[in-house]
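Here's the letter readout for the chains.
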Amino acid sequence: MLFLGTTAVLKAQNIVGVAAGNDNFTTLVTAVKAADLVDTLSGDGPFTVFAPVNDAFAALPEGTVAGLLKPESKAALTGILTYHVVAGEYKAAAVIEAINGNDGSFTVTTVQGGTIELSLQDGKVILKDEKGNSATVVMADVSASNGVIHAIDTVVMPK
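Below or above, wherever it landed, is the structure these notes cover. Nothing here was measured: the structure is a model prediction, and the numbers come from that model.

### Regarding empty space enclosed by the protein
Okay, step 1: On inspection of all chains with the given rule, the structure shows three cavities of 30 Å³ or more.
Okay, step 2: Taken as a whole, the largest cavity spans an internal volume of roughly 140 Å³.
Okay, step 3: Lining the largest cavity we find 17 residues, and of these Ile 15, Leu 28, Val 32, Leu 41 and Val 49 sit closest to its centre.
Okay, step 4: Those elements that place two or more of their residues in the lining of the largest cavity are helix H1 (15-20), helix H2 (26-34), strand S3 (47-52) and helix H6 (74-82).
Okay, step 5: The leading source of residues in the lining of the largest cavity is S3, at four residues.
Okay, step 6: Considering only residue class, the lining of the largest cavity consists of 15 nonpolar, two polar and no charged.

This is how it looks when you write it as structure tokens:
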């Protein structure tokens, strides 16, 4: 914390710091550490992260998360995690505007190289991954110094 005169100035945390400070993202933070992505996601960005909550990881088939956290699965884990990241900062209003301006769906390219289709259903942003699975944004616009986090209820998967 910096003190300028009598005013305290708080330095905003980066994406990893914000996620680490939120109990809904403990599994995600563990996975980011196992994939050695802490430095990347702590970088300048900006990034938009569609962050699966703990329940999203828990809903994967039994043993999936434990298997992905093993050192020999680092490449697969990195691919899955970077599939949840988009270069640039896209707050909810911009995402909804892009969806509405493109006939009800908007495709984004992830840092991993794959694509995710964004659409609206009952006023909520829905992500459709390359395998046809869907996730819903359950908490939007969690600000960080290097981007924004949107919490999702399902782990999306690349091809």
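### Details of the sheet that holds strand S8 (residues 134-144)
Okay, step 1: Reading across from one edge, S4-S3-S9-S8-S7-S6-S5 is the order of the seven strands in this open sheet, with mixed pairing throughout. Each edge of the open sheet is held by one strand with a lone partner, namely strand S4 (85-87) and strand S5 (105-109). Direction aside, the axes of adjacent strands within the sheet are offset by 30° on average.
Okay, step 2: Relative to strand S9 (residues 147-152), S3 runs parallel, the two sharing six bridges. When the sheet's bridge partners are listed, Val 49 is paired in S9 with Ile 149.
Okay, step 3: Sheet contacts for helix H7 (residues 92-100): S5, strand S6 (115-121), strand S7 (124-128), S8 and S9; angle to S6, the most-contacted strand, approximately 90°.

### Structural notes on the packing of H2 against H6
Okay, step 1: One way to put it is that H2 packs onto H6 with a least axis distance of 9 Å and a crossing angle of 125°. Taken together, the axes of H2 and H6 lie oblique to each other. Between H2 and H6 the crossing geometry is left-handed. Residue-level inspection shows Leu 28, Ala 31, Val 32 and Ala 34 of H2 in contact with H6, the latter providing Lys 74, Leu 77 and Leu 81.
Okay, step 2: The class makeup of the residues in the contact of H2 with H6 is six nonpolar, no polar and one charged.

### Observations regarding the nonpolar core
Okay, step 1: Counting 30 residues, the largest nonpolar core has Phe 25, Leu 28, Val 49, Leu 81, Ile 149 and Val 155 as the members making the most contacts within it.
Okay, step 2: For Val 155, the contacting residues outside a window of four places in its chain are Pro 52, Ala 56, Phe 57, Leu 60, Ile 80 and His 84.
Okay, step 3: Within the second largest apolar cluster, 14 residues are counted, among which are Phe 50, Leu 118, Leu 127 and Val 156.

Reading guide: rules and limits
Residues numbered from 1 in each chain as written. Predicted model: local features only at pLDDT ≥ 70, side-chain atom pairs only at ≥ 80, totals over all residues. Heavy atoms only, no water. 1 Å grid on protein atoms, 1.4 Å probe; cavity = no way out; pocket = protein on both sides within 12 Å on 5 of 7 lines; lining within 4 Å. Points joined across faces, edges and corners; volume = space filled by probe spheres on them. Helix = DSSP H or I, 4+ residues; strand = E, 2+ residues; numbered from the N terminus. Nonpolar A, V, L, I, M, F, W, Y, C, P; charged D, E, K, R; others polar. Pairing = 2+ DSSP bridges. Axes fitted to C-alpha atoms, helices over the stretch in contact; angles between N-to-C directions. Contact = heavy atoms within 4.5 Å. Parallel < 35°, antiparallel > 145°, perpendicular 65-115°, else oblique. Left-handed = near helix turned anticlockwise from the far one by under 90°. Core = buried A, V, L, I, M, F, W, Y, C linked by side-chain atoms within 4.5 Å. Buried < 20%, exposed > 50% of the residue type's maximum accessible area, 1.4 Å probe, protein only.

Bear in mind that shape data such as this cannot, by itself, settle questions of function.
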